[in-house]
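Architecture and fold: a report
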Amino acid sequence: MDYEVRGALSVSGTFEVPGDKSISHRALLFSSLANGKSEIKGLSTGADVKSTMSCLKQLGVKIEQIDGIVTVCGEGKSAYSKPDSILDAGNSGTTMRLLTGILAGQGFETTITGDETLRRRPMQRIVGPLTEMGAEIVGSDKMTAPLRIFPSHRLHGIRYELPLPSAQVKSSVLLAGMFAQGETIVVEPVESRDHTERMLKLKKVKGPSGFETKISSDYEVRPAEYDVAGDISSAAFFLAAGAILPNSCVTACGVTLNPTRTGFLDVLKSMGAKVKIENVHEAAGEPIGDVTVSHSDLKGVEIGGEMIPRLIDELPIIGVMAAFAKGETVIRDAHDLRRKESDRIVAVVDNLDAMGAEVQELDDGFAVNGTGSLSGAEIDSYKDHRIAMAFTIAGLAAQGKTLIKNAEWAEISFPEFYEITQRLVLRS
Ligand code: S3P
C-alpha cells in the first residue's frame with residue numbers, strides 16, 4: 001500500500017495508542033511460564049506481538065482473547081511442548097531473541113525463523129552468551145536466523161557483561177537463567193529498558209561495572225494481571241507532529257513513563273517544545289500518565305552516550321523534528337540503529353535528503369542542519385514500521401505531496417496509525 005500525505009495546517013486532539021510493544025511481548029512470554037491463569041488488558045495490536053502469541057500457541061500454550069482481554073493459561077516453566085513445525089517470529093526481533101532464551105532451556109529441539117528482514121538481523125549477540133551457558137544453537141554462517149536450538153543438557157549460570165546496551169539480549173540471558181544451574185548475572189554498563197526486571201520483580205543493584213541483575217533456576221514466574229500502558233514509542237510520532245506543526249497541541253493518554261523509555265520527552269524539552277505530563281500513576285509496576293505537547297520554535301540538540309538506549313526507537317522521528325529545528329542536531333553513539341528493522345541511519349538520511357533537508361550520514365548516527373522546511377517527496381519505508389510513520393509525519397509538515405511507499409509496514413507496531421493521523425490533522 002502507498003499512502004499519500006499532504007501538508008497539514010496543524011494537529012490537535014487527544015489520542016490513545018496501542019499497548020506498549022515491549023511490555024506486551026513480555027506479558028505474554030512471562031504468563032506462558034507461570035503456573036496458572038494470567039490476564040492481559042491492553043495488549044499491543046501490532047503484528048509483532050501477534051507473532052509472539054502464535055509462537056507460544058505452537059508451543060502448546062493456551063491463549064484466549066475475549067473482549068480485549070487476553071487470558072494465558074500457563075502450566076509452569078517446563079510445560080511447553082515440541083512444536084509440529086518451525087516457529088515464525090515474523091518481523092519481530094524481540095520475539096526471536098527472548099523466546100530463544102527460553103527455548104535454549106527446553107528438552108526438545110526447535111527451529112525459529114522470521115521474515116526476510118529478521119533473517120538478516122544479528123543473532124550472535126544472543127547465541128554467544130546462550131552458548132556460554134551450555135546451549136547448542138546453530139544459525140547461518142553469519143549467525144542469523146533460522147536458528148536451530150538443540151535440546152538442552154542442563155544450562156549453567158554465567159556472569160555476562162553486555163558488550164552493548166540491549167534489553168533484548170539482557171532479557172534473553174535472564175530467561176535462559178531460569179533454566180540454568182547456579183546463578184546467572186547480567187551486568188549492564190549502560191541501562192536499557194527494564195521491563196523484564198520490573199515485571200519479574202528482579203532486584204537490580206549497582207556494582208562496579210554497572211547494573212547487575214541475578215536470576216536462578218529456583219525462580220518461579222507468578223501468574224499476574226497485566227494492564228499494559230500505551231506505547232510511548234508509538235505516541236512519539238504524534239507528539240513530534242504537535243511540536244513541529246504551528247498552532248498544534250496533542251495529548252497522548254495513558255502512555256508508559258518508565259524512565260528507561262522517556263529519553264524522547266527529554267529531547268523534546270531540550271529542543272524547546274512545550275511538554276506537559278499529567279495524571280501520573282502506576283499500573284502493573286510501570287509509571288504511566290498523559291503527555292501533552294504543543295508547538296513552539298525548536299532548536300537543534302546533540303544526542304549520544306547513555307541517552308541513546310532511552311530513545312533508540314525514536315531516533316527516526318527525532319531526525320524529522322531536527323529538520324524543523326533551528327541549528328544543527330547531531331546523533332552519535334547509535335551504531336545499533338543500522339541493525340534494526342532496516343539500516344535506520346541510511347533510511348533516515350536518504351529520505352530526509354529526498355525531502356530537501358541538509359543531512360549528513362555519520363558512522364554511528366546522523367547530523368541534520370535544520371532549515372525549517374521540507375518538500376514533499378516519494379519515501380521508501382524500507383519495509384520498516386518506524387520509517388513509514390516518521391516520514392508520514394514529515395509529510396504532514398512538508399510543502400506539497402509526499403508518497404509513503406509500502407506504508408502498511410506501520411502495522412508491525414501500530415495498525416491504527418493512519419486512522420489516528422486522519423483524526424488529528426487540521427487542513428483548512
Ligand atoms: C526492545 C529493545 C530494543 C528496541 C526494540 C524493543 C525490547 O532493542 O529497539 O524495539 O522490547 O527489549 P535492543 O534490545 O536490540 O536495543
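Residues numbered from 1 in each chain as written. Predicted model: local features only at pLDDT ≥ 70, side-chain atom pairs only at ≥ 80, totals over all residues. Heavy atoms only, no water.

Overall, mixed pairing links the 4 strands, which are arranged β4-β5-β3-β16 in an open sheet. Two strands close off the open sheet at either side, each with one partner strand: β4 (62-66) and β16 (225-227). Here the strands of the sheet are splayed against their neighbours by 15° on average, with no regard to which way each runs. Bridging between β4 and strand β5 (residues 69-75) involves 5 bridges; their strand directions are antiparallel. By the bridge assignment for β5, I66 is matched with I69. Contacting β3 (35-41), β5 and β16, helix α1 (residues 21-33) crosses the sheet at an angle of about 35° to β5. (Pairing = 2+ DSSP bridges. Helix = DSSP H or I, 4+ residues; strand = E, 2+ residues; numbered from the N terminus. Axes fitted to C-alpha atoms, helices over the stretch in contact; angles between N-to-C directions. Contact = heavy atoms within 4.5 Å.)

This next bit is on the domain arrangement of the chain. The domains assigned to the chain are domain 1 (3-19 + 229-426) and domain 2 (21-153 + 166-176). Summing both sides of the interface, domain 1 and domain 2 together bury roughly 1,400 Å²; the carbon and sulfur share of this comes to 47%. Contact with domain 2 buries surface across domain 1, with G19, E341 and I412 losing the most and accounting together for 36% of the total. On the surface where domain 1 and domain 2 come into contact, there are 2 salt bridges. Residue E341 pairs with R121 through a salt bridge whose shortest N-O separation is 3.9 Å. Counting every contact that joins domain 1 to domain 2 gives 9 residue pairs in polar contact (both at pLDDT 80 or more). (Domains from an automatic or database assignment. Buried area = accessible area lost by both parts, 1.4 Å probe. Salt bridge = Lys/Arg side-chain N within 4 Å of Asp/Glu carboxyl O. Polar contact = N/O pair within 3.5 Å; in protein donor to acceptor, adjacent residues only side chain to side chain.)

Around the ligand, a shell composed of S22, R26, T94, R97, S166, A167, Q168, R193, I312, D313 and K340 is seen. Contacts to the ligand include S166, whose side-chain N or O atom sits 2.7 Å from an oxygen atom. Of all the secondary-structure elements, those providing two or more residues to the shell around the ligand are α1, α3 (93-103) and α5 (167-177). In terms of residue class, the shell around the ligand is made up of 2 nonpolar, 4 polar and 5 charged. If you count residues domain by domain, the shell around the ligand takes at least three from each of domain 1 (3-19 + 229-426) and domain 2 (21-153 + 166-176). (Near = heavy atom within 4 Å. Nonpolar A, V, L, I, M, F, W, Y, C, P; charged D, E, K, R; others polar.)

This part is about the nonpolar core. Ranked by internal contacts, the top residues of the largest apolar core, which has 79 residues, are F15, L239, F264 and F391. At 10 residues, the largest contribution of residues to this core is made by helix α7 (residues 232-244). Setting aside residues up to four positions removed in sequence, F15 forms contacts with A235, F238, L239, V250, T251, A252, C253, I420, R423 and L424. Residues V72, L155, M178 and F179 belong to the second largest nonpolar core, which totals 62 residues. (Core = buried A, V, L, I, M, F, W, Y, C linked by side-chain atoms within 4.5 Å. Buried < 20%, exposed > 50% of the residue type's maximum accessible area, 1.4 Å probe, protein only.)

Here we come to the packing of α7 against helix α9 (residues 315-323). Geometrically, a packed helix pair is captured by the angle between its two axes and the distance between the axes. One way to put it is that α7 packs onto α9 with a least axis distance of 10 Å and a crossing angle of 10°. Classified by the interaxial angle, the pair formed by α7 and α9 is roughly parallel. Every residue of α9 that contacts α7 at A236, F237, A240 and I244 is listed here: I317, V320 and M321. Grouping the amino acids of the contact of α7 with α9 by side-chain chemistry returns 7 nonpolar, no polar and no charged. (Parallel < 35°, antiparallel > 145°, perpendicular 65-115°, else oblique.)

Let us look at the pattern of salt bridges. Tallied over the entire structure, the rule returns 26 salt bridges. Note that R125 is salt-bridged to D336, the shortest N-O span being 2.8 Å. Separated by 211 residues along the polypeptide, R125 in helix α4 (residues 124-132) and D336 in the loop between β21 (327-331) and α10 (344-354) bring together distant segments of the chain. Residue R125 is classed as buried on the basis of its relative accessible area, which comes to 15%. Residue class for D336 comes out buried when judged on its relative accessible area of 18%. The residue K170 makes a salt bridge to E197 at a minimum N-O spacing of 2.8 Å.

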